[in-house]
Amino acid sequence: MTPDHPPASRDPARSAEEFVRLVRTRDGEVTVLVYTTKWLTPYTSRSQWVVARRRSSLDSEAEARALVEEVLHDPAFFGTCGECGDHNPRGWMHSAILCQGCALTGHGVVY
Ligand SMILES: [Zn+2]
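Source: prediction; values computed, not measured.

1. Overview of the overall build of the protein chain
Move 1: Along the backbone of the protein chain there are two helices and seven strands.
Move 2: Order of helices (α) and strands (β) in the protein chain, N terminus to C terminus: β-β-β-α-β-β-β-β-α.
Move 3: Across the 111 residues that make up the protein chain, the buried fraction comes to 18%.
Move 4: At a minimum sequence separation of 6, the contacts of the protein chain that also span at least 24 residues come to 36%.

Set out below in structure tokens:
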């Protein structure tokens, strides 16, 4: 049920969508998974696919797309940097409004 491969290492050009997977089971249940990263220390992270949404069924592809969009805009999983505008997984945000890249380059943050 978990996708085989996690996203490749972080590349700013990659879309946040790469961190979201919609999985359908044989009985029609739909699960939206998000690849989350938690920082145990500044240099040690643990990443895993977690269930963000689950539906017993979906009626259309539009509904599936809407469910993925909902997850992409869920602040529990993603944030948008107020400086560079990148839409990032929460694990790559320094705070709710600042990405790690901007924190490092513009705010003197040292990890
Ligand atoms: Zn930024």
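So that's the structure; there's more coming.
2. Let's talk about the pairing of strand 3 (residues 44–55)
Move 1: Summarising burial for strand 3: one of the twelve residues are buried, a small minority.
Move 2: Counting the residues in the hairpin turn of strand 2 (residues 30–41) and strand 3 gives two residues.

3. Observations concerning the nonpolar core
Move 1: One finds Ala16, Phe19, Val20, Val32, Leu33, Val34, Ala52, Leu67, Val71, Phe77 and Phe78 forming the largest nonpolar core, which totals eleven residues.
Move 2: Among the elements of the structure, strand 2 and helix 1 (61–72) are those that each provide at least two residues to this core.
Move 3: The leading source of residues in this core is strand 2, at three residues.
Move 4: When sequence neighbours within four positions are dropped, the list of residues in contact with Val20 reads Val32, Val34, Val68, Val71 and Leu72.

4. Describing the sheet that holds strand 3
Move 1: What the three strands build is an open sheet, ordered 1-2-3; its pairing is antiparallel. The sheet is open, and its two edges are formed by strand 1 (20–24) and strand 3, each paired on a single side. Across the sheet, the mean angle separating the axes of adjacent strands is 30° when strand polarity is ignored.
Move 2: Strand direction decides the pairing type here: strand 2 and strand 3, joined by eleven bridges, are antiparallel. Along strand 3, the bridge assignment pairs Thr41 with Thr44.

5. Topic: the pairing of strand 1
Move 1: Bridge analysis of strand 1 against strand 2 gives five bridges, and the strand direction is antiparallel. Within strand 2, the position partnered with Arg24 by the bridge is Val30.
Move 2: Joining the antiparallel neighbours strand 1 and strand 2 is a turn of five residues, in which Gly28 adopts a positive phi near 95°.

6. Describing the environment of Ala64
Move 1: Positionally, Ala64 belongs in helix 1.
Move 2: Measuring from C-alpha to C-alpha, the distance between Ala64 and Thr31 comes to 9.9 Å, with 33 residues separating the pair along the chain.
Move 3: Leaving out residues up to four positions away in the same chain, Ala64 has contacts with Leu22, Val30 and Leu58.

7. A few points about the environment of Tyr111
Move 1: By the secondary structure assignment, Tyr111 is in the segment after helix 2 (100–106).
Move 2: As for Tyr111 and His94, which are separated by 17 residues in sequence, their C-alpha atoms are 10.0 Å apart.

The rules behind each value
Residues numbered from 1 in each chain as written. Predicted model: local features only at pLDDT ≥ 70, side-chain atom pairs only at ≥ 80, totals over all residues. Helix = DSSP H or I, 4+ residues; strand = E, 2+ residues; numbered from the N terminus. Buried ≥ 20, exposed ≤ 12 C-beta atoms within 10 Å, placed from the backbone. Contact = placed C-beta atoms within 7 Å. Pairing = 2+ DSSP bridges. Core = buried A, V, L, I, M, F, W, Y, C linked by C-beta atoms within 7 Å. Axes fitted to C-alpha atoms, helices over the stretch in contact; angles between N-to-C directions.

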